[in-house]
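Observations on chain architecture
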Amino acid sequence: MVCSCLTKYRADSSLEQSSILIWLKSFAADVAEHQAMTEPVKQSEVQEPKPSRLEEARRVIEEYANDLREVLRKLRQKMN
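The paragraphs below set out a description of the structure included in this document. Note on numbering: residues in each chain are counted from 1, in written sequence order. Selection of residues for local features in this predicted model requires a pLDDT of at least 70, selection of side-chain atom pairs for listing and counting requires 80 or more, and totals for whole chains, interfaces and linings are taken over all residues. Excluded from the side-chain calculation are hydrogens and water; included are all heavy atoms of the structure.

A few words on the overall build of the chain. By definition, any uninterrupted DSSP run of H or I lasting at least four residues is a helix, any uninterrupted run of E lasting at least two residues is a strand, and each is numbered from the N terminus. Along its length, the chain carries two helices and zero strands. Throughout, exposure labels follow a simple rule: accessible area from a 1.4 Å probe, protein chains only, divided by the maximum for the residue type, with under 20% read as buried, over 50% as exposed, and the rest as partly exposed. Out of the 80 residues belonging to the chain, those deemed buried represent 0%. Here the Shrake-Rupley method, with its probe set to 1.4 Å, supplies the accessible areas, and only the displayed protein chains count as covering residues. Carbon together with sulfur atoms contributes 61% to the accessible area of the chain, which is approximately 8,400 Å² in total.

Structure representation (structure tokens):
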């Protein structure tokens, strides 16, 4: 008789623990969702607009010209 009472108590206890864990998980999810909704958007998360095709072309040409200047500088140093 004592054994069956303990078994029933343990079963009820584990049921309570599992329902408490389920409630805690759902509560934590609700808190996380609330925080995500109330936090301001950080500047680093905001994407800057893509440069126009003209700006991108100018940037590429400038990089190429700078590379050529570097090559010419190195060749001049070797000549002297």
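Note on definitions: salt bridges are taken to be side-chain nitrogens of Lys or Arg within 4 Å of carboxyl oxygens of Asp or Glu. Scanning the entire structure with this criterion turns up three salt bridges. With its nearest N and O atoms 2.3 Å apart, the salt bridge here joins R73 to E70. In this pair, R73 and E70 are both assigned in helix α2 (residues 53-79), three residues apart and thus about one turn of the helix distant. What makes R73 partly exposed here is its relative accessible area of 38%. E70 sits in the partly exposed class, given a relative accessible area of 33%. Each of E56, R59 and E63 takes part in one network of salt bridges that share partners.

Only residues above 30% relative accessible area that lack a salt bridge enter a patch, with like-charged residues linked at up to 9 Å and the nonpolar side chains Val, Leu, Ile, Met, Phe, Trp and Tyr linked at up to 5 Å. Together, I20, L21, W23, L24, F27 and V31 give the surface a local cluster of nonpolar side chains, amounting to about 590 Å² of exposed area. Within the secondary structure, I20 sits in helix α1 (residues 2-38). By relative accessible area, which is 47% here, I20 ends up partly exposed.

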